[in-house]
Amino acid sequence: MEKRLKHYLEYYRRIVEGEETAEGGWEKFRAEMLVQIQFFQHERLIHLIVTVLFALLAVMSILVNLFIQELAVLALCLLFFLLLIPYIRHYYILENGVQQLYEYYDRMEERF
């Protein structure tokens, strides 16, 4: 998903800055851009839900570890935190990418 987002960000940047022209006219380009924004918004929402779930599981595992001091519970806690790091990174990339898409869309609307 990260490669796809970067591809579209670069594509929209080139068109909005005038380095390329939109194939099929501006209305088609605008409609395509709105569809891609919706796709990335949906992906962002799903990853937010998953990230929050893993954060809650990590916190709950810490609380369980306070009461049940077993090596298996500590390993589970560590596993949740290790999985949480890539989820946070991925969500961060999606969030910033969608914000950038919004900016390109606004610049395109001002220009045309």
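Residues numbered from 1 in each chain as written. Predicted model: local features only at pLDDT ≥ 70, side-chain atom pairs only at ≥ 80, totals over all residues. Heavy atoms only, no water.

## A short note on the overall build of the chain
Alright, step 1. Summing up its helical and strand segments, the chain has three helices and zero strands in all.
Alright, step 2. In the chain, the succession of helices and strands from N to C terminus is α-α-α.
Alright, step 3. Taking 13 Å as the expected radius of gyration for a compact globule of 112 residues, we find that the chain reaches 20 Å, considerably beyond that expectation.
Alright, step 4. With respect to the principal axes defined by its C-alpha atoms, the chain has extents near 65 × 20 × 15 Å.
Alright, step 5. When burial is assessed residue by residue, the chain has 32% of its 112 residues classed as buried.
Alright, step 6. When contacts within the chain are restricted to residue pairs at least 6 apart in sequence, long-range pairs at least 24 apart make up 75% of them.
Alright, step 7. Carbon and sulfur atoms form 65% of the exposed surface of the chain, whose accessible area is close to 7600 Å².
Alright, step 8. Taken together, the 11 basic and 15 acidic charged side chains of the chain have centroids lying 3 Å from each other. (Helix = DSSP H or I, 4+ residues; strand = E, 2+ residues; numbered from the N terminus. Rg over C-alpha atoms; globule rule 2.2 N^0.38 Å. Buried < 20%, exposed > 50% of the residue type's maximum accessible area, 1.4 Å probe, protein only. Contact = heavy atoms within 4.5 Å. Areas by Shrake-Rupley, 256 points an atom, 1.4 Å probe, with all protein chains shown as cover. Lys, Arg positive; Asp, Glu negative; His and termini not counted. Charge placed at Lys NZ, Arg CZ, Asp CG, Glu CD.)

## Comments concerning the pattern of salt bridges
Alright, step 1. In this structure the tally under the stated criterion is nine salt bridges.
Alright, step 2. The residue Arg 13 makes a salt bridge to Glu 10 at a minimum N-O spacing of 2.5 Å. One end of the pair, Arg 13, and the other, Glu 10, are both in helix α1 (residues 2-16), three residues apart, so they sit about a helical turn from each other.
Alright, step 3. A salt bridge links Glu 103 to Arg 107, with the shortest nitrogen-to-oxygen separation between them at 3.9 Å. (Salt bridge = Lys/Arg side-chain N within 4 Å of Asp/Glu carboxyl O.)

## Considerations on the nonpolar core
Looking at soluble globular proteins, one finds that nonpolar side chains tend to be buried together.
Alright, step 1. The biggest cluster of nonpolar side chains holds 19 residues, and the ones touching the most others in it are Leu 5, Tyr 12, Phe 29, Met 33, Phe 40 and Leu 101.
Alright, step 2. Those elements giving two or more residues to this core turn out to be α1, α2 (26-67) and α3 (71-111). (Core = buried A, V, L, I, M, F, W, Y, C linked by side-chain atoms within 4.5 Å.)

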